[in-house]
Each structure stands twice: as C-alpha cells, then as structure tokens.
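Fold and contact review
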Amino acid sequence: MPTCKTKTHRSPSGRARSLTTRGLAVALLLAFPAQAMAVDSAFIRSLLVPGTGQAHQGHYTRAAAYAGVAVLSGFGLLISQVYYNEAVDKYDAQKRIYASYDETLSEGGVVSIKDIEGTYALMQAEHDSAEKRFAWRNGFLVTFAATYAINLVDVLISKPYDADRQERLSVEAGPGGVRITKTFRF
Amino acid sequence: MKRFIVILALVVTACARHDDVPPPLEVMTPPTPKNLVVETVDQLTYDLSWEIDDPAVVKEYRIYSEYGTSGPQLEGTTDTTTIQVISPVALSGLVFCVSAVTLENVESALTCGTSE
C-alpha cells in the first residue's frame, strides 16, 4: 500500500515572525523570572485571546471580565470605525462639491450663493459628525488596547489559583466557638 | 505608563482620515433684488421691474419663470432693472423670479412675483 509523506516548509518570513514572537515572550518572561515557568502558557493564551490566560490560571471571574470587555470594546471599535468611515466619505463628498464651486468661479461660471452657503453648512455638519464618530472610535480603541495590555500584565503578575490553599468555605472549631470562613477571590 | 499613554495617543491621532474644514470662499454676498413688479401687457407678454440696493456690484440680472413642476426656467438676462418677457405659454398666475449676479459671478437668492 503506497504511503504519502508530507514535508512542511516554513517560509523565511514565517520563521522570522516566529523568532520575533518567541523573543518577545522570552523577554517578557525574563522580566518576571520568579513566575516565568508558571505563566508561560497562560501568557501565550492571554496574548492570543484576552482572558484565556486568567482562565487557564483558574481566575474565572477575571477571565470573564477581560474577555467581556475585550469583546465589547472590539465590537464597538469595529462598528464605530465603519460609522466613522461613512461620515468621512460624506464629508469628503461635500468638500469636493465645495471645491468645485471655487473652480467654476475661477473659470468664469456662475454659482448661486445659496449653493455656496448651503454646501458649506452641510460640509461643516458632516465634519462635526466625523469628529464625534472619531472620538467614539478612539474611545473604543483605547478601551480595547488598555484591556489587552492590563490583561497581559495581570497574567504575568498573577499566581495560578491554588484550590487547596484557598478554601472557599471552611468551618473551624476553636476555644471561642465555631468559626465559618468564606473566601472570595477576584 | 506615561510612555504607553503617549504612544497610544500618537497611534490614535495618526489614524484620523478627516482634515479640517477648508476656509469659506472669499466672495461677497450679492444683493438680492426686491419689490419685483410683474405687469401683464397681453396674454404672453409681461413687463418686469425691480429694485436693488447696490447696483454697482451687479454684473447682470437673471430672469426665471416658473410653470408646471419643472422648476424655474431661465428666460433671459439683463443689466438693467426692467425687462419685457414673452412667455412661451399663456397662463394666468405665472410666477417670475429675478436674481442678481455680481462681478464675481456669484448669484443672489431669487425674488419672485406673480402675474395678475
């Protein structure tokens, strides 16, 4: 029975990218040598998808928070970018019309003052709309970038959750009576 | 942290696709004709006259007629404040409009009047 052998060739650019990623990971891990081994896998996960590193470490609440904020801000970034592009296109269209009036006048053509003033007002309105949407886009971008960065720093400085050491609910009997302890983790 | 904020601010501002609003065209607002009077001479002929505040800046006047739903139709131009217009259709209540065109080729708003 014939067998098939496959060889995988990696392109030089792919190899270079891989080396760069490894170099970055090594550099970051060297910065936190005490927990380097423990966070290695978690860091890579958080690097790929925010929150997954925390989930790997057992911090599920934080994982959900990072993933949730990252997804919401990422989605908001995408939508606000689309709306911003739309506003810029409308503004550019009005700007082209307004510039054409200048050309018409310089070529000896007649332009109505109603058109000149109306187009200028519309152009300003579209510019204001683009400015507003630009601010929204930047807000989502900063939120997304900050969430991503904090998620990476958090996964580097966090210790994996130790279930044995951190009992959620315990009952202790002592000379003063029985004490119930509830542990919350964040 | 401060460096991170600076880099983030630079990235954000570098991604702007829109620029500032250009300055408005340096044109003078043309004077608008006023007190347009439309006198009917016969079924197709009308005498139009109007007034203007600053005739020195006006190069010509444009006369329009409005009938049907096609909007204002240019009937002719004149450099005086009176003109006789011969309408292509015999209609009662025909609307005539006049505008002033300045030496910079900027046309004013229309002033309209109805034939009796």
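Everything numeric in this text was worked out from a predicted model, so none of it was measured.

Turning to the overall build of chain B, a few remarks are in order. Looking only at helices and strands, one finds one helix and eight strands in chain B. Listing the helices and strands of chain B from first to last along the sequence gives α-β-β-β-β-β-β-β-β. The burial tally for chain B puts 22% of its 116 residues in the buried class.

Now for the pairing of strand S2 (residues 45-51) of chain B. All names here are of chain B. Side chains Tyr46, Leu48 and Trp50 project from S2 onto a buried face, and the interleaved Thr45, Asp47, Ser49 and Glu51 project onto a face without burial. In this structure, strand S1 (residues 34-40) lies alongside S2, joined through five bridges in antiparallel fashion. Within S2, the residue paired with Lys34 across the bridge is Glu51. Hairpin connection from S1 to S2: four residues lie between these consecutive antiparallel strands. Note that S2 and strand S5 (residues 82-86) share five bridges and pair antiparallel. For Asp47, the partnering residue across the bridge sits in S5 and is Gln84.

This paragraph deals with the interface of chain B and chain A. Each partner contributes residues to the interface: chain B has 20 residues there, and chain A has 26 residues. For the side of chain B that touches chain A, the secondary structure elements donating two or more residues are helix H1 (2-14) and strand S7 (106-107) of chain B. No other element matches the three residues that H1(B) contributes to the side of chain B that touches chain A. Taken together, the residues of the side of chain B that touches chain A sort by class into 13 nonpolar, four polar and three charged. The pairing of strand S1 (residues 111-112) of chain A with S7(B) spans two bridges and is parallel. Looking across to S7(B), one finds that Ser112(A) is bridged to Glu107(B).

All names here are of chain B. In terms of nonpolar packing, the biggest core is built from 15 residues, with Leu48, Ile63, Phe96 and Val98 touching the most fellow members. Those elements that provide at least two residues to this core are S2, strand S3 (58-66) and strand S6 (95-102). In terms of residue count, the dominant contributor to this core is S6 (five residues). Residues within four places of Ile63 in sequence aside, it is in contact with Leu48, Glu75, Gly76, Thr78, Ile83, Val85, Phe96 and Val98.

Attention now goes to the confidence of the model for chain B. All names here are of chain B. Per-chain confidence: chain B averages 86 in pLDDT, with 88% of residues scoring 70 or above. The weakest mean pLDDT in chain B belongs to H1 at 66; the strongest belongs to S7 at 96. The ipTM value of the predicted complex is 0.79, and its pTM value is 0.68.

The subject of this paragraph is unusual backbone geometry. Residue and element names in this part refer to chain B. Look at Asn35: it is not a glycine, yet its phi comes out positive at around 55°. Residue position: Asn35 is located in strand S1. With 11 C-beta atoms packed within 10 Å, Asn35 lands in the exposed category. At Asn105, a residue that is not glycine, the phi angle is positive and equals roughly 70°. With respect to the element layout, Asn105 can be found in the loop between S6 and S7.

On to the sheet that holds S1(B). All names here are of chain B. If you trace the three strands from one edge of the open sheet to the other, you get S1-S2-S5, paired in antiparallel fashion. Edge positions in the sheet fall to S1 and S5, since each has one partner strand and no second. Put simply, the sheet's adjacent strands are angled 20° from each other on average, direction ignored.

Residues and elements named next belong to chain A. Taking 1.5 Å as the rise per residue, helix H4 (residues 60-106) with 47 residues should run 69 Å; its terminal C-alpha atoms sit 68 Å apart, in good agreement. The inward-facing, buried residues of H4 abut helix H3 (52-57) and helix H5 (113-157). Following H4 by one or two positions, Gly108 adopts a phi angle in the positive range, close to 95°.

What counts and how
- Residues numbered from 1 in each chain as written.
- Chains lettered and ligands numbered in written order.
- Predicted model: local features only at pLDDT ≥ 70, side-chain atom pairs only at ≥ 80, totals over all residues.
- Helix = DSSP H or I, 4+ residues; strand = E, 2+ residues; numbered from the N terminus.
- Buried ≥ 20, exposed ≤ 12 C-beta atoms within 10 Å, placed from the backbone.
- Pairing = 2+ DSSP bridges.
- Contact = placed C-beta atoms within 7 Å.
- Nonpolar A, V, L, I, M, F, W, Y, C, P; charged D, E, K, R; others polar.
- Core = buried A, V, L, I, M, F, W, Y, C linked by C-beta atoms within 7 Å.
- pLDDT = per-residue confidence, 0-100.
- Axes fitted to C-alpha atoms, helices over the stretch in contact; angles between N-to-C directions.
- Expected span 1.5 Å × (residues − 1).

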